[in-house]
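Listed below, chain by chain, are the residues.
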Amino acid sequence: MSRNDSTPDNPHPSGVDIKELTLPALTAWLEAGGIKPFHASQIFKWIYARQVDDFNEMTDLGKQLRIRLMDHFVVNRLQQVAVEKAADGTRKYLFGLADGNFIESVLIPEKNHLTLCISSQVGCAQRCRFCLTGTGGFIRNLSSGEILAQVRDIRNELGDADKLTNLVFMGMGEPLANYDNLIAALAVITDNRCGMAFSANRVTLSTAGLVPKIIRLGRDAAVSLAVSLNATNNQTRDQLMPINRRYPIETLIDACRNYPLKKRRKITFEYILIKGINDSPDDAERLARLLNPSWAKINLIPFNEFPESRFLRPAAAVIERFMDILHQRQYVTIIRASKGRDISAACGQLRVRVAESQDQ
Ligand code: SF4
């Protein structure tokens, strides 16, 4: 087996994963070795468009170049540790990383599209009270190669790269807290010349509200923005999301109002409805006043209870009433059905379960 024979059975051979390199970095590496820089885009096409792992199969590269690539790089895949399949078609993947950590990615079939929810960190430092990942704390950032590998491996499993239509950064971690690796991965994801060719409109990044990074993101990448809001006053949001003490609601909404939006695009505000905490008609009215239907749409997410969670899901009638108020105020509002409720649906749940079973 050659060094670059990276397979699910042999996921972590030695060598630098070439997916850690941006296109400019690979170009610079080639130039430094006296190799024509245009080969960088050829190599990227083999890796991201044609899903090839073996440098020997990159037939439009000369033999000497292929040998040099093999001497320096590998094309890693993630190790699939577990896959849970729900009755509604949702699939949750637990991937093992080279250092023994785990991350989750979730494939979500919907009417007209197939969405992959990916992770950006191992664990999360934001400690949102309603989130299982947050309760476990932060372990480390994912590299750009590890972010890309989630998309590339699942595309490969699907067979047809076009099947996967949407990407959301809503898995484990706060993507804006891993900013440089995120931007490097986004450059490949949205590169339609030799990368993964996702339209930026079909890539959504969800943040708990790191205001300075929201402002930077608006300049650095044109992806869709989702904000995990979950409360309409600072007192409640301070309790639910500690980040609010650094960037309170007014500062957050101000950054959103100034986020550069393409024509007819809106920012999505996610609002987890929690019984007795943020689900009253007054909350709905305040939410309507806080935002503006011309640039905001609202996803209501009834709380997804997990073992030992201290919050409850509101009754269906309460959820309906909340939505009706927002509809009356002209907001595009949907109730986001919890997909895959018969599997470990809460973010971080599968990772915790597998880790617990390994401890026994
Ligand atoms: S909701 Fe998101 S930002 Fe908050 S703790 Fe969980 S993973 Fe982190």
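Residues numbered from 1 in each chain as written. Predicted model: local features only at pLDDT ≥ 70, side-chain atom pairs only at ≥ 80, totals over all residues.

A. Highlighting the overall build of the protein chain. In terms of regular secondary structure, the protein chain is built from 12 helices and 14 strands. Expressed as a percentage of its 360 residues, the buried residues of the protein chain come to 42%. A fraction of 66% describes how many contacts in the protein chain between residues 6 or more apart in sequence connect residues 24 or more apart. (Helix = DSSP H or I, 4+ residues; strand = E, 2+ residues; numbered from the N terminus. Buried ≥ 20, exposed ≤ 12 C-beta atoms within 10 Å, placed from the backbone. Contact = placed C-beta atoms within 7 Å.)

B. Highlighting the site of the ligand. Near the ligand you find Cys-124, Gln-126, Arg-127, Cys-128, Cys-131, Thr-133, Gly-134, Met-172, Gly-173, Glu-174, Ala-208 and Ser-228, and these make up its full shell. Grouping the constituent residues of the shell around the ligand by class yields five nonpolar, five polar and two charged. (Near = placed C-beta within 6 Å. Nonpolar A, V, L, I, M, F, W, Y, C, P; charged D, E, K, R; others polar.)

C. Unusual backbone geometry, seen in detail. Even without being glycine, Arg-264 reaches a positive phi, approximately 65 degrees. The residue Arg-264 is located in the loop between α9 (249–257) and β12 (267–273) in this model.

D. Representation of the packing of helix α10 (residues 281–290) against helix α11 (residues 316–328). Their axes nearest at 9 Å, the elements α10 and α11 cross at an angle of 30 degrees. Looking at the two axes, α10 sits roughly parallel to α11. For α10 against α11, the interelement crossing comes out right-handed. Counting all contacts with α10, which are made through Pro-281, Ala-284, Glu-285, Leu-287 and Ala-288, the residues of α11 involved are Arg-321, Phe-322, Ile-325 and Leu-326. Split into classes, the residues belonging to the contact of α10 with α11 amount to seven nonpolar, no polar and two charged. (Axes fitted to C-alpha atoms, helices over the stretch in contact; angles between N-to-C directions. Parallel < 35°, antiparallel > 145°, perpendicular 65-115°, else oblique. Left-handed = near helix turned anticlockwise from the far one by under 90°.)

E. Representation of the sheet that holds strand β13 (residues 296–302) in the model. Taken in spatial order, the 10 strands make up an open sheet running β3-β4-β5-β6-β9-β10-β11-β12-β13-β14, and their pairing is mixed. At either end of the open sheet lies a strand with only one pairing partner, and these are β3 (79–85) and β14 (333–335). Put simply, the sheet's adjacent strands are angled 20 degrees from each other on average, direction ignored. Relative to β14, β13 runs parallel, the two sharing three bridges. Each bridged residue has a counterpart across the sheet, and for Ile-298 the counterpart in β14 is Thr-333. (Pairing = 2+ DSSP bridges.)

F. Examining helix α5 (residues 144–158) more closely. The terminal C-alpha atoms of α5 lie 22 Å apart, and with 15 residues this matches the ideal 21 Å at 1.5 Å per residue to within 8%. For α5, the tally of buried residues reaches 11 of 15 residues, placing the bulk of the element in the interior. Looking at α5, one finds that the buried residues are Ser-144, Gly-145, Glu-146, Ile-147, Leu-148, Ala-149, Gln-150, Val-151, Arg-152, Asp-153 and Ile-154. Following α5 by one or two positions, Gly-159 adopts a phi angle in the positive range, close to 90 degrees. (Expected span 1.5 Å × (residues − 1).)

G. Expanded view of the environment of Glu-305. For Glu-305, the location among the structural elements is in the loop between β13 and α11. Note on Glu-305: 17 C-beta atoms within 10 Å, which makes it partly exposed. Remark: the alpha-carbon pair of Glu-305 and Cys-131, spanning 174 residues in sequence, is separated by 9.7 Å. Among all residues touching Glu-305, those that are not within four sequence positions of it are Leu-312 and Arg-313.

H. Spotlight on the environment of Glu-104. Tracing the chain through its elements places Glu-104 in strand β5 (residues 102–109). With 67 residues separating them in the primary sequence, Glu-104 and Gly-171 have C-alpha atoms 6.8 Å apart.

I. Here's a closer look at the pairing of β13. Buried residues dominate β13, accounting for five of its seven residues. Of the pairings in the sheet, the one linking β12 to β13 comprises seven bridges and is parallel in character. The residue of β13 that forms the bridge with Tyr-271 is Leu-300. After leaving β12, the chain enters α10 and then returns to the sheet as β13, a path that is right-handed. Crossover handedness for the path β13 to α11 to β14: right-handed. (Right-handed = clockwise from strand over helix to strand, strands pointing away.)

J. A look at the pairing of strand β11 (residues 224–228). The element β11 is largely enclosed, with a buried count of four among its five residues. Relative to β11, strand β10 (residues 203–207) runs parallel, the two sharing four bridges. When the bridges of β11 are listed, Thr-207 appears paired with Val-227. Tracing the backbone out of β10, into helix α7 (residues 211–220) and back to the parallel element β11 gives a crossover that is right-handed.

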